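Chain residues, written in single-letter form:
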Amino acid sequence: MSSEILDNLTEPQLAAVTHKDGPMLVIAGAGSGKTRVVTRRIAWLISQGVWPSQILAMTFTNKAAREMRERVAALVGQAPQNIGTFHGCCARFLRRDIDKLDCGRTRDFTIYDDGDQKSIIKAIITEKRDLPKGVTPSFVAQFISNVKNGDAPYETVAVEMECPCSVKDIIELAQDYEKRLIACNAVDFDDLLRLTVDLLRKVPGMRDIYHNRFRYLLIDEYQDTNHLQYELMKLLVNEQQNVHVTGDPDQSIYSWRGADYHNIMSFGSDFPQAKIIKLEQNYRSTPSILNAANELIKNNSHRFDKNLFTENPDGVQVADLLTENDRSEAEWIRRKIAGAHAHGHPWRNFAIFYRTNAQSRTFEEEFIHYGIPYQLMGGVRFYDRKEIRDFLALLRLKVNPCDQQAFLRVVENFPQCNGIGHVTMNSIIRQAEESGRPLLEFLSSQQFRDSQKGNSTKAHRLRILSNWLDLIVKQPVTPVLDAVAGIEKASDFIENLQKQYGTENLSARKENMESFISRAADFTKNYPEASLADYLEDVALVADVDAHDPEADSVVLMTLHSSKGLEFPCVFIAGCEDGLLPHSLSCDRPSEEDIEEERRLFYVGITRAKRAAYLTHVKIRFRRGMLTAADPSPFLGEIPEGLRKRIEYKDGIERIRTRDYYDTPYIPPPKKNHGLRWSY
DNA sequence: AAGACGGAGGTTTTT
DNA sequence: CCTCCGTCTT
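This report concerns the structure included in the present document. What you see is a predicted model; the values in this text were computed from it and never measured. (Residues numbered from 1 in each chain as written. Chains lettered and ligands numbered in written order. Predicted model: local features only at pLDDT ≥ 70, side-chain atom pairs only at ≥ 80, totals over all residues. Heavy atoms only, no water.)

A separate point is helix H8 (residues 167-183). The end-to-end C-alpha separation of H8 is 24 Å, in line with the 24 Å expected for 17 residues at 1.5 Å each. Along H8, the residues classified as buried are Asp169, Ile170, Ile171, Leu173, Ala174, Tyr177, Glu178, Arg180 and Leu181. Positive backbone phi, approximately 50°, marks asparagine 185, located one or two places after H8. (Helix = DSSP H or I, 4+ residues; strand = E, 2+ residues; numbered from the N terminus. Expected span 1.5 Å × (residues − 1). Buried < 20%, exposed > 50% of the residue type's maximum accessible area, 1.4 Å probe, protein only.)

Here the focus is helix H10 (residues 206-213). What H10 keeps buried is the set Met206, Tyr210 and His211. Mapping the buried residues of H10 onto a view down its axis gives an arc of 130°, with all of them on the same face. Of the residues in H10, the exposed ones pointing more than 90 degrees away from the buried face are Asp208 and Asn212. Against the buried residues of H10 lie helix H4 (86-97), helix H9 (189-202) and helix H11 (227-236). (Arc of directions from axis to C-beta. Contact = heavy atoms within 4.5 Å.)

Turning next to the sheet that holds strand S7 (residues 243-247). The parallel open sheet is built from 6 strands, whose spatial order is S3-S2-S6-S7-S1-S8. This sheet does not close on itself; its edge strands, each paired only once, are strand S3 (83-85) and strand S8 (275-279). Direction aside, neighbouring strands of the sheet carry axes that sit 15° apart on average. Here strand S1 (residues 24-28) runs beside S7; their pairing, made up of 4 bridges, is parallel. If you follow valine 26 over to S7, its bridge partner there is threonine 246. Against the sheet, helix H3 (residues 62-76) engages strand S2 (55-59) and S3, with an angle of about 170° to S3. (Pairing = 2+ DSSP bridges. Axes fitted to C-alpha atoms, helices over the stretch in contact; angles between N-to-C directions.)

Now for the protein's contact with DNA strand C. Every residue close to DNA strand C is listed here: Phe622, Arg624 and Gly625. Counting only the atoms of DNA strand C that lie within 4 Å of the protein, the sugar and phosphate share comes to 36%. The separation between a base nitrogen of DNA strand C and a polar main-chain atom of glycine 625 is 3.4 Å. (Near = heavy atom within 4 Å. Polar contact = N/O pair within 3.5 Å; in protein donor to acceptor, adjacent residues only side chain to side chain.)

Our focus in this paragraph is the packing of aromatic side chains. Two numbers describe a pair of aromatic rings. These are the distance of the centres and the angle of the planes. Counting across every chain of the model gives 23 aromatic pairs. Ring geometry for phenylalanine 93 against phenylalanine 214: centres 5.7 Å apart, planes inclined by 40°, an arrangement best described as tilted. You can see phenylalanine 93 sitting in helix H4 and its partner phenylalanine 214 sitting in the loop between H10 and strand S6 (216-219), a full 121 residues away along the chain. Taken as a pair, phenylalanine 93 and phenylalanine 214 share a single burial class, namely buried. Between phenylalanine 516 and tyrosine 535, the ring centres sit 6.2 Å apart and the planes meet at 75°, which makes this aromatic pair edge-to-face. Separated by 19 residues along the polypeptide, phenylalanine 516 in helix H25 (residues 506-526) and tyrosine 535 in helix H26 (residues 532-540) bring together distant segments of the chain. Here a set of aromatic residues connected by ring pairs shows up, and it is made of Tyr383, Phe391, Phe414, Trp468, Phe493, Phe516, Phe523, Tyr527 and Tyr535. (Phe/Tyr/Trp six-rings, centres within 6.5 Å; stacked < 30°, edge-to-face > 60°.)

Next comes the structure, spelled out in structure tokens:
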């Protein structure tokens, strides 16, 4: 056994690493070396003779999966294949076994993301007129997701969600949506999990096969699992109950997406023999930071009993800073960072977190003005840019010739399809369905061209479209780079950008396309055997946080949500104001649960900091086009005075504050639109 | 079917 | 302040 597998581990870490059979829960506080424990444990299992292929490890992000794979490989020289995200693993299972399940899809199914989902739903709502106003695409999407995620029947979900239309109508919408997905041979994100659960539950013998294949199951960030993921876990657990979950209930910040931290709270009762280990020593932060965070999170009532401590040397006090407005907030932070940089601190040591993406703008302007390098996470995803989505639609149509959604997008956005509108498209889709052939195959066939006789403009246009699509069909699907480059050429993509957008952001769009090609080239280098379908799956399942580049020397700007799992020497949390943090919309009917989740979000932010944390708030914030008087976040007052240095910054001068709003007890404002507002 | 205009609405978003 | 719709116009 490679000796380093067990090197430098504390008592509880060692116990967690060397636990072999039976269920185990590791409650891993922020910065307590969780990743190290999980990776060492995988390496240890392998060193004990477990085959790497018998280990299944599921994470929430690609980044976590990649990191885990790399670190295990560094320890034992080989990385297990089955480390991936929940959705990625499920997609792999379904690619292999979906035929065995009677769900209307084949193994070449396409994965639809939120955008595709929304546009299908919108189309269905429009088709079905006379629905009340409240039936928005997002409501229907939420309804469908809730139905797929839970065990409750449609009716119950509809009542619970206070459905604005009749139960019959909403059920019909959901069923139409499902039919549409099946017609496109597509699945949505929830389906990846749901169909895998069905596969294990309904297909005889499946569970045994999977139990045999995966002897050891590991789940990371267990506090963020939703109902389906929980079901999946239970189905995958074998007779020896070799299930190992790690997480921290205090860092559960995704309940609005269905995550349920009760899953982690009740692991002990789900598995009465479970061994429970708590990792409470923090290796990341100074005592000042950790104490402040501990004091804050103590205010949550639903918690797993634990108390983080550290043996790190102490550093500077946590500071809370008050400035006049959002501009001066950015100015102070920029000066602080620039000053430190002048003393030799690299830019990458600094991160700014905020509650809403809209807040990033002020910082960007400030940093551009002063020439400070920064990387912005979030906002519009690379693969969500319009021109990229257009191109992807073409690729998708090629891979899945039934993909109506992709077809519609192509027709709407490619100049080759100018002059062809909704009416024509829908009639073509119907004709294809009647002919029983996949849409693309039907359209690009000689037969279709022959059927478009005559010299009418429409027939002419359709023949051109058909020829063009035929050219796309004839491109190779592997290697990926050849496929992508071939289709780019065959579609005249770059020239079309010019036609479509004129000079409007043209160079940026061209750059995006170049970047897309070079990403495809990278992918091809890593997976020379992969097909276009594999590539599209990879693209469908990546997120932008994966793009954070810790090597680049730049200040990092991101939301509090995306900061989870990262660490920085110096952290600024901007906009610590009532209404922003906690956010007023999340607390519309301020249930204690909502407030507690916002508090956890703040807790996550603070515990990212290794050496220094600055919590900033302003008196007046420019928001939604108006100046808004802002009160400090009630959470600031929950950090005791002794743990919090209070600074005020005004007219370029910094001074210590002695008195604050929150020296007096906090009284919640009576209405949603509290405070003073005045128009510009 | 494409462009122009006005109104509404605007957390977070691992996949 | 922004962006995203829907509708109205050509």
